[in-house]
Structures are given as structure tokens and as C-alpha cells.
Amino acid sequence: EQSRNKDHLSDFFNTYLQDEYGPSQTIVAEQAYNIVHSLERYNHDADCDMFLKILMGELPEQSFVDQQLLLQHLQDKIIKLDRSENQGIQTGKIDKQIFLACLRKCVPCKSVTRMEELQQALFYDCGGPVKNVNYIDVFQDDHEGNQGKFVEAMRDQYLEESIEYSNELVEALE
């Protein structure tokens, strides 16, 4: 059984760079700068933005796991609904209104604006107005590992809401 690394990401990152680029602290620092600069440049991508915020200590590492669990929970609920509507058979498609109702149940505290953003992203991923959502396609990464608009919007919103919540806690404690 593999043992899990318990180091913080920033410590692991430093160790990784030292192992990868040798004893020269100049090269290690240059590589760290290049990676951080790239993460900042591409922070519009949920993966890059979350990695940067965790690396810089702005979010706990558990945020990444929680984000993945939220998406998995939503997908599991949709699959369960699909099967219940189709005598136990998973078709990969579900009525759009059922999909949206399931989404509202999974994230009941979303603002109207954020829910509309998710609906627009779903509309985009479905290629326009549709009665049934092919949820397998919605949750599937493309051949380059990129998520569709809906999943990317869910991830972006999760990150935004985590930061907003953290800021609200800090303000309340001051």
C-alpha cells in the first residue's frame, strides 16, 4: 500500500523543484517563479487558479478534494435519477428540467445570478436549447483534459464562493 505524502503543497513543491533541478538554488527559484507566473497568467482556468491559491496558502488543500466531491455528488445524483426514470438502466441522458432541479438540490445556496450562469454554461455545452441533457458529455473532459463550460463554471463558482466565505469569516472575526 502506498503511503500518502502529508507535506503541505508548498513544501512538496519546494522539495520537488530541488529534486528535479538539483542543488542550484538559482535554478530552483527561477523554475518556481516561472511556474507561479504561468499560474497567474492562466488563472482564468479553474485548475490553475485553485492550484495557485492552494500553493500560496490562500485556500486549504482540502478545497480541491471538496470541489471534486461536489461534482461527483452531482453526477451521482443525476445518474441515480436517470436510472430511476429508465427502469434501472443508465441512458446517459436526462430531461433538462430534472437536471436543473437536481442541481438546485445539490447546491441550494447558489444565488439566482450564479444559477443562471450555470444554466447558460449548460446551454452552451448542449449546443443550444434541448429537452434532454447528455450528462455524460457534460461531465466528460475533452482529449486535452479540459472540462466543458458547465463543469468549468461549477469549479469557478466553487472557488469564488470558498474565497468569499473565507473573507466573510475573517471580517466577522475582526
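Note that the structure is predicted; figures quoted are calculated from it, not measured.

Calculation notes
- Residues numbered from 1 in each chain as written.
- Predicted model: local features only at pLDDT ≥ 70, side-chain atom pairs only at ≥ 80, totals over all residues.
- Heavy atoms only, no water.
- 1 Å grid on protein atoms, 1.4 Å probe; cavity = no way out; pocket = protein on both sides within 12 Å on 5 of 7 lines; lining within 4 Å.
- Points joined across faces, edges and corners; volume = space filled by probe spheres on them.
- Helix = DSSP H or I, 4+ residues; strand = E, 2+ residues; numbered from the N terminus.
- Nonpolar A, V, L, I, M, F, W, Y, C, P; charged D, E, K, R; others polar.
- Phe/Tyr/Trp six-rings, centres within 6.5 Å; stacked < 30°, edge-to-face > 60°.
- Buried < 20%, exposed > 50% of the residue type's maximum accessible area, 1.4 Å probe, protein only.

1. Regarding the layout of surface pockets
If a probe as big as a water molecule is rolled over the atoms, it shows which places are left empty.
Link 1 in the chain: The space that makes up the largest pocket amounts to roughly 440 Å³.
Link 2 in the chain: Lining the largest pocket are 22 residues, and of these Leu9, Ile54, Pro60, Glu61 and Gln62 sit closest to its centre.
Link 3 in the chain: Those elements that provide at least two residues to the lining of the largest pocket are helix 1 (9-21), helix 3 (46-55) and helix 4 (62-85).
Link 4 in the chain: When residues in the lining of the largest pocket are grouped by element, the largest group, 6 residues, is from helix 3.
Link 5 in the chain: Considering only residue class, the lining of the largest pocket consists of 11 nonpolar, 5 polar and 6 charged.
Link 6 in the chain: Size it by volume and the second largest pocket reaches roughly 150 Å³.
Link 7 in the chain: His73, Lys77, Lys80, Leu81, Ile98, Ala101, Cys102, Lys105 and Cys106 are the residues that line the second largest pocket.

2. Digging into the packing of aromatic side chains
Link 1 in the chain: Tallying each qualifying case throughout the model produces 3 aromatic pairs.
Link 2 in the chain: Relative to Phe139, the ring of Phe99 lies with its centre 6.4 Å away and its plane at 40 degrees, an arrangement referred to as tilted. With a gap of 40 residues between them, Phe99 in helix 5 (residues 96-106) and Phe139 in helix 7 (residues 135-139) connect regions that are remote in the sequence.
Link 3 in the chain: Here Phe99 falls in the buried class, since its relative accessible area comes to 0%.
Link 4 in the chain: Residue class for Phe139 comes out buried when judged on its relative accessible area of 12%.
Link 5 in the chain: Ring geometry for Phe99 versus Phe150: centroids 5.4 Å apart, planes at 70 degrees, classification edge-to-face. With a gap of 51 residues between them, Phe99 in helix 5 and Phe150 in helix 8 (residues 149-173) connect regions that are remote in the sequence. When sorted by exposure, Phe99 lands in the same class as Phe150, which is buried.
Link 6 in the chain: Among the aromatic side chains, those forming a connected cluster through ring pairs are Phe99, Phe139 and Phe150.

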